[in-house]
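What follows is each chain in one-letter form.
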2 protein chains.
Amino acid sequence: MMTPRVFNFAAGPAVLPLPVLEEAQRDLVSMPGVGMSILEMSHRGKFFEGVLAKTEADIRKLASVPDDYKVLFLQGGASLQFSMVPLNFLPRDGSADYVVTGAWSQKAVKEAKKVGGVKIAWTGEAANFNTVPAQGDLKLDPNAAYAAFTSNETIHGVEFKYVPETGSVPLVCDTSSDMFSRPLDVKKHALIYAGAQKNIGPAGIALVIVKDGWLKTRVDDPRLPTMLNYAIHADNTSMYNTPPVFAIYIMGLVMKWLLSIGGLEGIHAINQRKAAKLYAEIDRSGFYKGHSAKECRSLMNVTFRLPSEELEALFAKDAKAVGLDGLKGHRSVGGMRASIYNAFPEDGVDALIEFMQEFERANG
Amino acid sequence: MMTPRVFNFAAGPAVLPLPVLEEAQRDLVSMPGVGMSILEMSHRGKFFEGVLAKTEADIRKLASVPDDYKVLFLQGGASLQFSMVPLNFLPRDGSADYVVTGAWSQKAVKEAKKVGGVKIAWTGEAANFNTVPAQGDLKLDPNAAYAAFTSNETIHGVEFKYVPETGSVPLVCDTSSDMFSRPLDVKKHALIYAGAQKNIGPAGIALVIVKDGWLKTRVDDPRLPTMLNYAIHADNTSMYNTPPVFAIYIMGLVMKWLLSIGGLEGIHAINQRKAAKLYAEIDRSGFYKGHSAKECRSLMNVTFRLPSEELEALFAKDAKAVGLDGLKGHRSVGGMRASIYNAFPEDGVDALIEFMQEFERANG
């Protein structure tokens, strides 16, 4: 008998839609009409070419990606993007603006500094990253090679509710933890990237959407490794080397699922409802305390504390025992983190709220 | 009803062992005792930590990896290794020796030249890479930072039957297409790497085995992207960033299967038997002609020509129609290529031989 599925609140890799898993399982040994597993298929074969083309087409449809943007499927996660962005777009004697809203933007800054100049347009470090800046708080350099921000910080649970306005300076967004969780205005960005393993697929693949016109302005460095060159990947439709075939296939199934439930508008409505319920419970009695400022609370990663670390440990342990898994927060924030990505079922949120109420009654 | 499985002769991604696919399928929606898919699991969770540790332990057991070597699971395939090796080990004013036996070693040379000096210890280009050098043919520089070779060239079907002796110069081996197909003397190498998608797993992961002592001699370049630094991955047991969880899990199942059939000695005997049959058929009548010199014929990639390109096209088409898929050779060699990796079943080789005989009778 199958072990019953738990509610998986992990921050990533994270829960995937059940229909995606079921379809992948059904076809795993032998793809209908092909007679081999997707895990065994040549990336140059017709079937996978179809998978790749359909996945890209669905992404374009979902996010209304303009025709003059490339959609790339790369390896190395967001962590490699931290380096690829400056290696392709930051001249050694130039500088880029970085908005620092948490651990991930800090890591991006660290890699960019190896390549060229970095100016911090804003940082939330002093308040342990419990908020994001308003547009007016940003110190932007009109001569920056680009300006980079992180639309949602997984660890701290803060999320931009607007796209920063940077004038003629190209905007780069790390949207690893809220990609396709809400409408996305691609044309306000020069480059968008996301490690897939939170909202749009399994670990082992990153999605990049980049404007053609910006690609043409790449820093021409003959020493850049071929694998780190966006133009090479774009010119070879992500097939310069063997792509992560299975991860792209799963991402394709996730895109199909997103379209089936109403696209980005549809999933946004669901995500707003799930998050609103949970934040309402956090705010209800004062027993639980949210980490992030209300105006920038993440719809994806809900971070909260309990009155003591002992209670927090007990909460995580008791929750796990009733099938609410992965709630322990990151050590840099402490407390709890409920990651309720696109595929996280609403009844899992309801179950957590019920558990929170019981836990408060027993320990409050 | 499941589409019957074909015989998959593709060069990579390539056939996986059926028991691996069946176990992965069984557990794909909910891992027993965990209640979530391996595709959804946190890489920091206990289950995956166990998978990673067991996969590494089985690799160490299979290849008798000495304790002073690290085993790393990385993204970017062999193509990124072409850059990582020189970026970590080739000083800008130093030089490395490269043995060029085909398309893959050529690509490795191209990336190394971006980093430092390259000396070609031998090249088979003039004879379209139909052989590998004997030890005495190698022009080795005793001051080289390292010497690199490709143990098996997938495209041309040539394979080293010995490990080059390089004295005190560290030896680097790209063994992407024959990793774990035969006994491997790890301690003769400083670093061994392989894209997994031919013999040891799905696309989207590369395996690296590197000697601790050599890691300590890394070029200290403060501008090296963190993700390209072997030492960072070694210090973080391949968990610096989110690893390709599913690909590691599948690789673990492949390692378990290899151990179950007698380890590297066991699979080598099977591979020798499969290849010997097929080469005997190629040599039988003169209708088929092998591309590579007999003394370095690959046990993995069997390349052969027919009397005309028209017959080659017909051969590929007719073979596919009877469930022998992926036989068309690479354009740079032409003709046919039967990739018969570890997991390729012996009855598929028998079926190909029977088809070759029928095809010759009908078209010879």
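Calculation notes
Residues numbered from 1 in each chain as written. Chains lettered and ligands numbered in written order. Predicted model: local features only at pLDDT ≥ 70, side-chain atom pairs only at ≥ 80, totals over all residues. Heavy atoms only, no water. Least-squares fit on C-alpha atoms with pLDDT ≥ 70 in both. Contact = heavy atoms within 4.5 Å. Helix = DSSP H or I, 4+ residues; strand = E, 2+ residues; numbered from the N terminus. Buried < 20%, exposed > 50% of the residue type's maximum accessible area, 1.4 Å probe, protein only. Pairing = 2+ DSSP bridges. Domains from an automatic or database assignment. Buried area = accessible area lost by both parts, 1.4 Å probe. Nonpolar A, V, L, I, M, F, W, Y, C, P; charged D, E, K, R; others polar.

As for the relation of the copies chain A and chain B
Once chain A has been moved 0.0 Å along the axis and rotated by 180°, it coincides with chain B to within an RMSD of 0.0 Å. Here the transformation between the copies is reduced to the relation of a two-fold axis. In terms of C-alpha distance to the rotation axis, chain A has Gln25(A) as its closest residue, with the C-alpha 2.6 Å off the axis. A share of 100% of the interface residues of chain A reappears at the interface of chain B, consistent with the copies meeting face to face through the same patch.

Regarding the environment of His233(B)
All names here are of chain B. Here His233 lies in helix H6 (residues 230-235). The class of His233 is buried, set by a relative accessible area of 4%. Sequence separation of His233 and Lys70 is 163 residues, and the distance between their C-alpha atoms is 9.7 Å. Leave out the neighbours within four places in its chain, and His233 touches Leu72, Leu74, Met84, Thr226, Met227, Ser238 and Tyr240.

What to know about the pairing of strand E5 (residues 147-150) of chain A
Residue and element names in this part refer to chain A. Side chains Ala147 and Phe149 project from E5 onto one buried face, and the interleaved Ala148 and Thr150 project onto a second face that is buried too. Both strand E3 (residues 95-100) and E5 contribute to a ladder of two bridges, which runs parallel. Among the inter-strand pairings, Asp97 is bridged to a residue of E5, identified as Ala147. Two elements, E5 and strand E8 (residues 171-174), share four bridges in a ladder whose sense is parallel. Looking at the pairing, Ala147 lines up with Leu171 of E8.

Details of the sheet that holds strand E11 (residues 289-290) of chain A
Strand pairing in a sheet is mediated by backbone hydrogen bonds. Such pairs are either parallel or antiparallel. Residues and elements named next belong to chain A. Read across the open sheet, the three strands follow the order E11-E12-E14; overall the sheet is antiparallel. At either margin of the open sheet sits one strand with a lone partner, and together these are E11 and strand E14 (336-339). Pairing of E11 with strand E12 (residues 301-305) involves two bridges; the strand directions are antiparallel. Considered in E12, the bridge of Lys289 is made with Arg305.

Considering the environment of Ile192(A)
Residues and elements named next belong to chain A. Note on placement: Ile192 falls in strand E9 (residues 191-195). Here the alpha-carbon distance between Ile192 and Leu171, two residues 21 residues apart in the chain, equals 8.5 Å. The residues contacting Ile192, other than those within four sequence positions of it, are Cys173, Thr175, Met179, Leu184, Val186, Leu207, Val208 and Ile209.

Remarks on the domain arrangement of chain A
Residues and elements named next belong to chain A. Looking at the assigned domains, one finds that chain A contains domain 1 (21-260) and domain 2 (263-363). Taking only C-alpha atoms, the centre of domain 1 and the centre of domain 2 are 27 Å apart. Contacts between the two partners involve 29 residues from domain 1 and, on the opposite side, 24 residues from domain 2. In this assembly, domain 1 packs against domain 2 so that about 2100 Å² is buried in total across both faces, 55% of it on carbon and sulfur atoms. For the side of domain 1 that touches domain 2, the element with the most residues is helix H7 (residues 245-260), which contributes three residues. Residues belonging to the side of domain 1 that touches domain 2 are distributed by class as follows: 13 nonpolar, ten polar and six charged.

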